[in-house]
Amino acid sequence: MATQHSRSAARLMMAPAVILLLGWMLVPLVMTLYFSFMDYRPLRGITECCVGFQNYERFITSSSFLDSIVVTLTMVGGILAITVIGGILLAMLLDQPIWGQGIVRILVIAPFFVMPTVSALVWKNMFMDPVNGILAHIWRFFGAQPHDWLSQSPLFSIILIVSWQWLPFATLILLTAIQSLDSEQLEASEMDGAGFLSRFWYIVLPHLARAITVVILIQTIFLLSIFAEIYVTTQGSFGTRTLTYLVFQRVLESQNVGLGSAGGILAVILANIIAIFLMRIVGKNLDA
C-alpha cells in the first residue's frame, strides 16, 4: 500500500510532465481566445484591441456558418455510417478461420497508418481522376461515361476517402469485441435452431453495443476537424466547406486572425457539446 511519502514523490515526479502538457494545451487556447476579441489583420497593419463580441457576431451571422455546420455534421454522419456498418461486416469476416488470416488483417488495418494528405492525393489522382483514374477506366470498359467524382459528387467523394482511412480503426475495435464473445452462447443458439440473422441481431449486435459507442465517440472527436482531405481535393468548393475549413479561410485566405480565432473558439465549443453528449451515451452503455 502506497504511503503518503511515496504519493508525494510520485506527484512531484509527474509535475513537470503535467505542467508541460497543460501549457501545451492551454497556451494556444488562451491566445486564440485573446485574438478572438481583437480586430487583428497583421498583413494590413490593423491591430485593434477589445472589439467585444463583434468577431463572434460576424462569424455566426455569416451566410457560410450554418452551411458549414450542416456540411460538417453530414460528413461526420456519413463517415460514421460507413465505418460502423463496414467495420461490423469486416470484423465478422476476419473472425472466420481463413487461409492467410494474419496477412489479411494487416492489409485491412494498413490504410489507418496512411497520412491523410497522402490518402487524399492517391484517391484524387489514382482513383477519381475523370481522365486517367482507375474508376474512369472501369466506367469506359463498361461503355459508360466517366464520372467526375470531385466535381459532380464532391461531398460523397470526401466521405468515401475519409471512410477508407477510418474503416480499419472501427474494424480493429469491433473485431476485438467479437472475439470476446462467448462461443458457447452462439453454439447453444445454433443448436436451438436460430439462424444466422437471428444470432447476429439478438446476440452479436447487443454484445457489440459498447464497442460501437466507443468507435462513434473517438471517431466523431477526430472527424469534426477534417481538413487535409478537403484541402487536397476540393479546397472547400462544391459544398464541401466544413466549419474547420471555414476557420482556415477566415484566418489565412481573408487574413483576419480575429475573425478566424472566433470561429476556432466556436468550433471548440461545438466539439465539446457533441463530445459531452456522446460521453453520456457511452457512459450509459458501459454501465448497462
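Only a predicted model underlies this, so the values are computations on that prediction, with no experimental measurement involved.

Asks: Is there a simple way to think about the overall build of the protein in this case?
Replies: A tally of helices and strands in the protein yields 14 helices and two strands. Since a compact globule built from 288 residues should have a radius of gyration of about 19 Å, the 24 Å found for the protein marks it as more spread out than a globular shape. Counting only C-alpha atoms, the protein reaches 75 × 75 × 30 Å along its principal axes. In the protein, buried positions account for 36% of the 288 residues. Expressed as a percentage of contacts within the protein between residues at least 6 apart in sequence, the contacts between residues at least 24 apart total 68%. Split by element, the accessible area of the protein, about 17200 Å² in all, is 70% carbon and sulfur. The protein carries 14 positive and 15 negative side-chain charges, and their two centres are separated by 10 Å.

Asks: Could you clarify how one ought to interpret the layout of surface pockets in this entry?
Replies: To locate leftover empty space, one rolls a probe as large as a water molecule over the atoms. Taken as a whole, the largest pocket encloses approximately 520 Å³ of empty space. In this structure, the largest pocket is lined by 17 residues; those nearest its centre are Ser 225, Gly 264, Ala 267, Val 268 and Ala 271. With seven residues, helix α14 (residues 257–287) is the single largest residue contributor to the lining of the largest pocket. In the lining of the largest pocket, the residues fall into eleven nonpolar, six polar and no charged.

Asks: It is not clear to me how the environment of Val 247 should be interpreted in this structure. Could you clarify?
Replies: Note on placement: Val 247 falls in helix α13 (residues 243–253). In this structure Val 247 comes out as buried when scored by relative accessible area, which is 14%. Sequence-distant contacts of Val 247, that is, excluding residues within four places in its chain, are made with Phe 59, Gly 260, Gly 263 and Gly 264.

Asks: How do you make sense of the pattern of salt bridges when you look at a structure like this?
Replies: Any two side chains of opposite charge can pair, so long as their charged atoms come close to each other. Here the structure, examined in full by the defined rule, presents one salt bridge. Put simply, Asp 39 and Arg 41 hold a salt bridge, and the shortest N to O gap is 2.9 Å. For the pair Asp 39 and Arg 41, a shared accessibility class is recorded, and that class is buried.

Asks: How do you make sense of a nonpolar patch on the surface when you look at a structure like this?
Replies: Taken together, the side chains of Met 14, Val 18, Leu 21, Leu 22, Trp 24, Met 25, Leu 26, Leu 29, Val 30 and Val 268 present a nonpolar region at the surface, about 960 Å² in accessible area. For the nonpolar patch, the element with the most residues is helix α1 (residues 4–35), which contributes nine residues. On the secondary structure map, Met 25 appears in helix α1.

Asks: I'm lost on the packing of aromatic side chains in this one. Help?
Replies: The description of an aromatic ring pair rests on the distance of the ring centres and on the angle between the ring planes. For the structure on display, the rule yields 21 aromatic pairs. Ring plane angle 85° and centroid distance 5.2 Å describe the contact between Phe 37 and Phe 53, whose orientation is recorded as edge-to-face. Taken together, the residues span a long stretch of sequence, with Phe 37 in the loop between α1 and β1 (39–41) and Phe 53 in the loop between β2 (46–48) and α2 (54–61) at a distance of 16 residues. Phe 37 sits in the partly exposed class, given a relative accessible area of 26%. Their ring planes at 50° and their centres at 5.5 Å tell us that Phe 37 and Tyr 56 sit as a pair that is tilted.

Asks: I keep staring at unusual backbone geometry and nothing clicks. Help me out?
Replies: Excluding glycine, most residues fall at negative phi; most peptide bonds, likewise, are trans. Phi is positive for Gln 235, which is not a glycine, with a value near 55°. Assignment of secondary structure puts Gln 235 in the loop between α12 (228–233) and α13. Using a relative accessible area of 49% as the deciding quantity, one classes Gln 235 as partly exposed.

How each quantity is defined
Residues numbered from 1 in each chain as written. Predicted model: local features only at pLDDT ≥ 70, side-chain atom pairs only at ≥ 80, totals over all residues. Heavy atoms only, no water. Helix = DSSP H or I, 4+ residues; strand = E, 2+ residues; numbered from the N terminus. Rg over C-alpha atoms; globule rule 2.2 N^0.38 Å. Buried < 20%, exposed > 50% of the residue type's maximum accessible area, 1.4 Å probe, protein only. Contact = heavy atoms within 4.5 Å. Areas by Shrake-Rupley, 256 points an atom, 1.4 Å probe, with all protein chains shown as cover. Lys, Arg positive; Asp, Glu negative; His and termini not counted. Charge placed at Lys NZ, Arg CZ, Asp CG, Glu CD. 1 Å grid on protein atoms, 1.4 Å probe; cavity = no way out; pocket = protein on both sides within 12 Å on 5 of 7 lines; lining within 4 Å. Points joined across faces, edges and corners; volume = space filled by probe spheres on them. Nonpolar A, V, L, I, M, F, W, Y, C, P; charged D, E, K, R; others polar. Salt bridge = Lys/Arg side-chain N within 4 Å of Asp/Glu carboxyl O. Patch = residues over 30% accessible without salt bridge, like charges linked within 9 Å, V, L, I, M, F, W, Y side chains within 5 Å. Phe/Tyr/Trp six-rings, centres within 6.5 Å; stacked < 30°, edge-to-face > 60°.

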